[in-house]
Amino acid sequence: DTAVSQTPKYLVTQMGNDKSIKCEQNLGHDTMYWYKQDSKKFLKIMFSYNNKELIINETVPNRFSPKSPDKAHLNLHINSLELGDSAVYFCASSQSHGYQPQHFGDGTRLSIL
Amino acid sequence: SQQGEEDPQALSIQEGENATMNCSYKTSINNLQWYRQNSGRGLVHLILIRSNEREKHSGRLRVTLDTSKKSSSLLITASRAADTASYFCATDTGNQFYFGTGTSLTVIP
């Protein structure tokens, strides 16, 4: 039983396309996050949602739009993909807001051609 | 620059030896967490130490925190090949959450 699951695992697409990554958690957690990990393994928080409400929106281009239909799901939609968007995107969840221990999905590796 | 920086960047040891990695940060924190990332996988939470704690243990892991020096260390005792992974510290400043640059640990069987 996967606690935090992301789909797809791999995403290869052309520059300029629009794509979405889905995330679901079955832990009953209130808070979900999106992170970006670059090729040097540097991990940066992008968004945080608590009970479907946006809490944190770091300096991220507005081409990135998170959507939380319910507290178990946090999807990431990316418009007009650019070469610099190539990275691994991780979804995570924690019991509540306040940066408690987080459970991570296995990531979505996005490659822009 | 980022809040947490780890040292060393890479560490290679023999199975059975101890591994120590360090994390330094810049501003005051509420807590500091350590995570492990195996190749191609997501991060796994290992341990959380609060700003008013100095040391914490979990199995073969020992974490120390020195808030006066703004640093933390993670010690893995009696290392195993399965401990091969990247290890990250993460700092909670109250309104920000930063991951460190990571230490890549290789345990040679």
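Refer to the preceding data block for the structure.
Residues numbered from 1 in each chain as written. Chains lettered and ligands numbered in written order. Predicted model: local features only at pLDDT ≥ 70, side-chain atom pairs only at ≥ 80, totals over all residues. Heavy atoms only, no water.

### Focus: the interface of chain B and chain A
Listed as interface residues are 19 residues of chain B and, on the opposing side, 17 residues of chain A. Of the roughly 1500 Å² buried between chain B and chain A, counting both surfaces, carbon and sulfur atoms make up 52%. In terms of surface lost to chain A, no three residues of chain B exceed Leu43(B), Phe97(B) and Phe99(B), which account for 32% of the buried area on that side. Linking chain B with chain A are one salt bridge. Linking Arg41(B) and Asp106(A) is a salt bridge whose minimum nitrogen-to-oxygen distance equals 3.0 Å. For the pair chain B and chain A, the interface holds five residue pairs in polar contact (both at pLDDT 80 or more). Every element with two or more residues in the side of chain B that touches chain A is listed here: strand S4 (31-37), strand S5 (43-50), strand S9 (85-92) and strand S10 (97-99) of chain B. (Contact = heavy atoms within 4.5 Å. Buried area = accessible area lost by both parts, 1.4 Å probe. Salt bridge = Lys/Arg side-chain N within 4 Å of Asp/Glu carboxyl O. Polar contact = N/O pair within 3.5 Å; in protein donor to acceptor, adjacent residues only side chain to side chain. Helix = DSSP H or I, 4+ residues; strand = E, 2+ residues; numbered from the N terminus.)

### Regarding the state of the cysteines
Residue and element names in this part refer to chain A. For the coordinates displayed, the defined rule picks out two disulfides over all chains. Disulfide partner of Cys23: Cys91, at an S-S distance of 1.9 Å. A torsion of -75 degrees about the S-S bond marks the disulfide between Cys23 and Cys91 as left-handed. One end of the pair, Cys23, is in strand S3 (residues 19-25); the other, Cys91, is in strand S9 (residues 87-94), with 68 residues separating them in the sequence. Neither Cys23 nor Cys91 differs from the other in exposure class; each is buried. (Disulfide = S-S within 2.5 Å. Buried < 20%, exposed > 50% of the residue type's maximum accessible area, 1.4 Å probe, protein only.)

### A few points about the sheet that holds strand S7 (residues 64-70) of chain A
Residues and elements named next belong to chain A. Taking strand neighbours across the sheet as the criterion, the four strands line up as S1-S3-S8-S7 in an open arrangement whose pairing is antiparallel. The sheet terminates laterally at strand S1 (4-7) and S7, the two strands that pair on one side only. Sheet twist, expressed as the average angle between the axes of neighbouring strands with direction ignored, equals 20 degrees. Bridge count between S3 and strand S8 (residues 73-78): four bridges; the pairing is antiparallel. When the sheet's bridge partners are listed, Ser20 is paired in S8 with His77. (Pairing = 2+ DSSP bridges. Axes fitted to C-alpha atoms, helices over the stretch in contact; angles between N-to-C directions.)

### Observations concerning the side chain of Ser79(B)
Residues and elements named next belong to chain B. Mapping Ser79 onto the fold places it in the loop between strand S8 (71-76) and S9. A polar contact is formed between the side chain of Ser79 and the backbone oxygen of Glu17, at a distance of 2.8 Å. Leave out the neighbours within four places in its chain, and Ser79 touches Ile13, Gln14, Glu15, Gly16, Glu17, Arg60 and Val107.

### A short note on the sheet that holds strand S7 (residues 61-66) of chain B
Residues and elements named next belong to chain B. Overall, antiparallel pairing links the five strands, which are arranged S1-S3-S8-S7-S6 in an open sheet. Each edge of the sheet is formed by a strand with only one pairing partner; in this case those strands are strand S1 (5-7) and strand S6 (55-58). Taking the axes of each pair of neighbouring strands and ignoring which way they run, one obtains an average angle of 20 degrees across the sheet. As paired elements, S7 and S8 share six bridges and run antiparallel to each other. Considered in S8, the bridge of Asp66 is made with Ser71.

### Points about the packing of aromatic side chains
Tallied over the full model, the rule gives nine aromatic pairs over all chains. Centre to centre, the rings of Tyr35(A) and Phe104(A) are 5.3 Å apart; their planes meet at 35 degrees, and the pair counts as tilted. Of the two residues, Tyr35(A) is situated in strand S4 (residues 31-37) and Phe104(A) in strand S10 (residues 103-104); the sequence distance between them amounts to 69 residues. For the pair Tyr35(A) and Phe104(A), one class covers both residues: buried. Ring geometry for Phe104(A) and Tyr35(B): centres 5.8 Å apart, planes at 80 degrees, overall edge-to-face. Of this pair, Phe104(A) sits in strand S10 while Tyr35(B) is found in strand S4, placing the two residues in two different chains. Of the residues examined, Phe104(A) reaches a relative accessible area of 10% and is grouped as buried. Through a chain of ring-to-ring contacts, the aromatic side chains of Tyr33(A), Tyr35(A), Phe90(A), Phe104(A), Tyr35(B), Phe97(B) and Phe99(B) assemble into a single cluster. (Phe/Tyr/Trp six-rings, centres within 6.5 Å; stacked < 30°, edge-to-face > 60°.)

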